[in-house]
Amino acid sequence: MKTLIIFSHTWFAQSKVNRALLEAAQDADNVTIRNLEELYGQNPEKIDVKAEQKLIEAADRIIFQCPVFWFSIPPMLKAYIDRVFEHGWAYGSQGHALEGKILQLVLSTGGPQESYQQPTIGELFLPLTAVGNYTGMEVAPIRVAYGCLTISDSDLQKICDNYKKLLNE
């Protein structure tokens, strides 16, 4: 299965968990990683829509990987979806490019799982689930690494090992 990871993190230089997850992903077969801020900075106008669409078309599974920022996604990931998932390509009477692909969210939180009970992670990310459903994608269960601000090295290793397993499925 060809997997495209669309990664976004406003402060990647300070990231421990997402950096480790990306390093784990680099070892997986048939995985392409797009680090939005590395490619386009903080400027949504620079997103190369046609190039990104071609990469998506070649993939079977699209993973949106990012930290949870104030109960949402980073601004570049939102801009990416707004620009790349355009009418006539992703949806509409002529938009079928995403149909049958798998959409997977891989998220990290600074706070513990208990902080996400009301609302739950699933409820917070219903808009992204709706994007997947609306465009004909199969939406896989959300994967979350909770408590990243205080995560132990052994727990981080387990999360990375599980991510490798997911990517090799």
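Participant: Now, about the pairing of strand S2 (residues 31-35): what can you tell me, with residues and values included?
Facilitator: Looking at chain direction, strand S1 (residues 3-7) and S2 are connected through five bridges and run parallel. Looking at the pairing, Thr3 lines up with Val31 of S2. Read as a crossover between parallel neighbours, the route from S1 over helix H1 (residues 17-26) to S2 is right-handed.

Participant: Would you mind going over helix H3 (residues 49-58) in detail, with residue names and values included?
Facilitator: Of all the residues in H3, the buried ones are Val49, Glu52, Gln53 and Ile56. All buried residues of H3 lie within an arc of 100° about the axis, which places them on one face of the element. Structural note: H3 exposes Lys50 and Lys54 on the side pointing more than 90 degrees away from its buried face. In this fold, the buried residues of H3 make contact with S1, S2, helix H2 (36-40), strand S3 (61-67) and helix H4 (75-84).

Participant: So what's going on with the pattern of salt bridges? Residues and values would help.
Facilitator: Under the criterion given, the structure shown has six salt bridges. Where Asp82 meets Lys78, a salt bridge forms, and the shortest distance between an N and an O atom there is 2.6 Å. Taken together, the residues span about one helical turn, with Asp82 and Lys78 both in helix H4 at a distance of four residues. Accessibility expressed as a relative area gives 48% for Asp82, which makes it partly exposed. For Lys78, a relative accessible area of 43% corresponds to the partly exposed category. Lys158 is the salt-bridge partner of Asp155, the closest N and O atoms lying 3.9 Å from each other. With Asp155 and Lys158 both in helix H7 (residues 153-167) and three residues apart, this pair spans about one turn of that helix. Of the residues examined, Asp155 reaches a relative accessible area of 36% and is grouped as partly exposed. Lys158 sits in the exposed class, given a relative accessible area of 52%.

Conventions used here
- Residues numbered from 1 in each chain as written.
- Predicted model: local features only at pLDDT ≥ 70, side-chain atom pairs only at ≥ 80, totals over all residues.
- Heavy atoms only, no water.
- Pairing = 2+ DSSP bridges.
- Helix = DSSP H or I, 4+ residues; strand = E, 2+ residues; numbered from the N terminus.
- Right-handed = clockwise from strand over helix to strand, strands pointing away.
- Buried < 20%, exposed > 50% of the residue type's maximum accessible area, 1.4 Å probe, protein only.
- Arc of directions from axis to C-beta.
- Contact = heavy atoms within 4.5 Å.
- Salt bridge = Lys/Arg side-chain N within 4 Å of Asp/Glu carboxyl O.

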